[in-house]
Amino acid sequence: MAEEVSTLMKATVLMRQPGRVQEIVGALRKGGGDRLQVISDFDMTLSRFAYNGKRCPSSYNILDNSKIISEECRKETSLSGSVQRNDQLCGSRCSLDFTKQLTALLHHYYPIEIDPHRTVKEKLPHMVEWWTKAHNLLCQQKIQKFQIAQVVRESNAMLREGYKTFFNTLYHNNIPLFIFSAGIGDILEEIIRQMKVFHPNIHIVSNYMDFNEDARWLRPVIPALWEAEAGGSLEVRSSRPAWPTW
């Protein structure tokens, strides 16, 4: 095992039961590639947690911090105002208000999410409330479908080191990769696409934006994976295969 899975023998890898890990690796090899499938989370699992000492954004952070958000907000506020205002001041104020609202939600709900004394069932209504409020704020920005690529391109999103080997090896060996994420499916899908490893063997179950006929974000997505974790079932409208269906 030390020679064949050298990564597991690094000093940075800690295993509570190394013998059990070896059994699992052996069982995977014995079962063969035709019986293998890989299931993974996305944020901070396939994507990087940090780079050069700085925290990398999650799929939600990418959208929250996007320039498009403030630009769209600035345009809407400028057009709706009855008094002529300076665009720069308007944009700064709008962006600041938007950021403050999202930050306030984070400070209120995040401690609940990580509270070790609450069960998942107890946390669920608070998480749904959090995401619904945050999504409503984002929906007000009238984000369009074509802007998703720009949002990702201008972000600091990164996949983990060795991602090309991981994605390409699975693809060339016809091994399915199922990505289950409570993040925003449109964002993480675009990240993988721009990294040029968006292969047909990838299947994603996540929270996708619901666009109207004008390709504008119409309503909040449903935190499907939180519902499933609390004992519910995944709704078809909250997930879709990796390839575009629109």
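Cut-offs applied
Residues numbered from 1 in each chain as written. Predicted model: local features only at pLDDT ≥ 70, side-chain atom pairs only at ≥ 80, totals over all residues. Heavy atoms only, no water. pLDDT = per-residue confidence, 0-100. Helix = DSSP H or I, 4+ residues; strand = E, 2+ residues; numbered from the N terminus. Contact = heavy atoms within 4.5 Å. Pairing = 2+ DSSP bridges. Axes fitted to C-alpha atoms, helices over the stretch in contact; angles between N-to-C directions. Buried < 20%, exposed > 50% of the residue type's maximum accessible area, 1.4 Å probe, protein only. Right-handed = clockwise from strand over helix to strand, strands pointing away. Phe/Tyr/Trp six-rings, centres within 6.5 Å; stacked < 30°, edge-to-face > 60°. Lys NZ or Arg CZ within 6 Å of the ring centre and 35° of its normal. Core = buried A, V, L, I, M, F, W, Y, C linked by side-chain atoms within 4.5 Å.

### Comments concerning the confidence of the model for the protein chain
So, step 1. Mean pLDDT over the protein chain: 77, with 72% of residues reaching 70 or higher.
So, step 2. The least confident element of the protein chain is helix 3 (residues 67–80), whose mean pLDDT is 50; the most confident is helix 7 (residues 163–172), at 96.
So, step 3. Scored below 50 in pLDDT, residues 72–93 makes 18 contacts in the model with residues more than four places away or belonging to other chains.
So, step 4. Predicted confidence for residues 229–246 stays below pLDDT 50, and this span has 40 contacts to residues more than four positions away or in other chains.

### A few points about the sheet that holds strand 1 (residues 38–40)
So, step 1. Taken in spatial order, the 3 strands line up as 1-4-5 in an open sheet, and their pairing is parallel. Taken across any chain shown, the strands that pair with only one partner, and hence form the sheet edges, are strand 1 and strand 5 (202–207). Looking at each pair of strands side by side, their axes are set apart by 15° on average, direction ignored.
So, step 2. Relative to strand 5, strand 4 (residues 177–184) runs parallel, the two being bridged by 5 bridges. Bridge pairing in strand 5 links I179 to I204.
So, step 3. Across the sheet, helix 7 touches strand 1, strand 4 and strand 5, and the angle it forms with strand 4 is around 135°.

### A word on the pairing of strand 5
So, step 1. Counting buried residues in strand 5 gives 5 out of 6 residues, a clear majority hidden from the surface.
So, step 2. Handedness of the crossover joining strand 4 and strand 5 through helix 8 (residues 185–194): right-handed.

### Section: the pairing of strand 4
So, step 1. As paired strands, strand 1 and strand 4 are joined by 3 bridges and run parallel to one another. For S40, the partnering residue across the bridge sits in strand 4 and is I179.

### A look at the packing of aromatic side chains
Each aromatic ring pair is specified by the distance between its two centres and by the angle formed by the two planes.
So, step 1. Tallied over the entire structure, the rule returns 2 aromatic pairs.
So, step 2. For the ring pair Y109 and W130, a centre distance of 6.0 Å and an interplane angle of 10° mean the geometry is stacked. One end of the pair, Y109, is in helix 4 (residues 87–113); the other, W130, is in helix 5 (residues 120–139), and 21 residues separate them in sequence. A single burial state applies to Y109 and to W130, both of which are buried.
So, step 3. In this arrangement the basic side chain of R193 is found over the ring face of F198, its NZ or CZ atom lying 4.5 Å from the centre.

### Notes on the nonpolar core
So, step 1. If you look at the biggest cluster of nonpolar residues, it comprises 40 residues, and the most contacted ones within it are F42, L63, F167, I179, I187, I191 and I192.
So, step 2. Elements with a minimum of two residues in this core: helix 2 (59–64), helix 4, helix 5, helix 6 (147–153), helix 7, strand 4, helix 8 and strand 5.
So, step 3. Among the elements that make up this core, the one with the highest residue count is helix 5 (6 residues).
So, step 4. With near-sequence residues (within four places) excluded, F167 lies in contact with L46, L159, L177, I192, V197, H199 and I202.

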